[in-house]
Amino acid sequence: MTDITITVPRDIVQALRLPPDAVAAELQRELAVALYQRGILSSGKAAALAEMTRWEWEELLGARKIPRHYADEDLDRDIAYATRS
């Protein structure tokens, strides 16, 4: 797999209400959020795509009230792993 580049037309970039030096990072962050919300990308990979630390990513999800993809089975599995001797 190789890196990909997404082309955004100049008029759309100019229409964004963002400082010019923040456009690329904001679009990358928005893509990461959208892919995570749709269940296409895991939380860790989405944080990496957004170029954020896990802490920053979790704060962003919380601020946007985006539910985490973490089921009861995940919690049970994590507890079992943490309590193994």
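Residues numbered from 1 in each chain as written. Predicted model: local features only at pLDDT ≥ 70, side-chain atom pairs only at ≥ 80, totals over all residues. Heavy atoms only, no water.

Identification of the chain as UPF0175 family protein from Methanoculleus formosensis is taken from an unreviewed UniProt entry. The Sequence similarities (unreviewed entry) comment attached to the chain in UniProt states, word for word, "Belongs to the UPF0175 family." (UniProt positions renumbered as here; feature names shortened; annotations may be inferred.)

Asker: I would appreciate a short explanation of the confidence of the model for the chain in the present structure.
Answerer: Low pLDDT marks stretches whose predicted atomic positions should not be read closely. Mean pLDDT over the chain stands at 91; residues scoring 70 or higher make up 98%. Within the chain, no element has a lower average pLDDT than helix H5 (residues 72-82), which sits at 80, and none a higher one than helix H2 (residues 23-37), at 96. (pLDDT = per-residue confidence, 0-100. Helix = DSSP H or I, 4+ residues; strand = E, 2+ residues; numbered from the N terminus.)

Asker: Can you help me understand the layout of surface pockets in this one?
Answerer: The rolling of a water-molecule-sized probe over the atoms marks out the regions of remaining empty space. Roughly 520 Å³ of internal volume is contained in the largest pocket. Every residue lining the largest pocket is counted, 13 residues in all, and those nearest its centre are Ile4, Ile6, Gln28, Leu31 and Leu49. A per-element tally of the lining of the largest pocket places H2 first, with 6 residues. Grouping the amino acids of the lining of the largest pocket by side-chain chemistry returns 10 nonpolar, 2 polar and 1 charged. (1 Å grid on protein atoms, 1.4 Å probe; cavity = no way out; pocket = protein on both sides within 12 Å on 5 of 7 lines; lining within 4 Å. Points joined across faces, edges and corners; volume = space filled by probe spheres on them. Nonpolar A, V, L, I, M, F, W, Y, C, P; charged D, E, K, R; others polar.)

Asker: Which parts of the structure should I look at to understand the side chain of Ser43?
Answerer: Relative to the assigned elements, Ser43 resides in helix H3 (residues 43-49). Polar contacts involving the side chain of Ser43 include one to the side chain of Arg54, which spans 3.5 Å. In this structure Ser43 touches Tyr36, Arg54, Trp57 and Glu58, once residues within four positions along its chain are discounted. (Polar contact = N/O pair within 3.5 Å; in protein donor to acceptor, adjacent residues only side chain to side chain. Contact = heavy atoms within 4.5 Å.)

Asker: Got a minute to help me understand a nonpolar patch on the surface in this structure?
Answerer: Residues Ile4, Ile6, Val8, Ile12, Leu27 and Leu31 make up a contiguous nonpolar surface patch of about 520 Å² in total accessible area. Within the fold, Leu27 resides in helix H2. Its relative accessible area of 33% is what places Leu27 among the partly exposed residues. (Patch = residues over 30% accessible without salt bridge, like charges linked within 9 Å, V, L, I, M, F, W, Y side chains within 5 Å. Areas by Shrake-Rupley, 256 points an atom, 1.4 Å probe, with all protein chains shown as cover. Salt bridge = Lys/Arg side-chain N within 4 Å of Asp/Glu carboxyl O. Buried < 20%, exposed > 50% of the residue type's maximum accessible area, 1.4 Å probe, protein only.)

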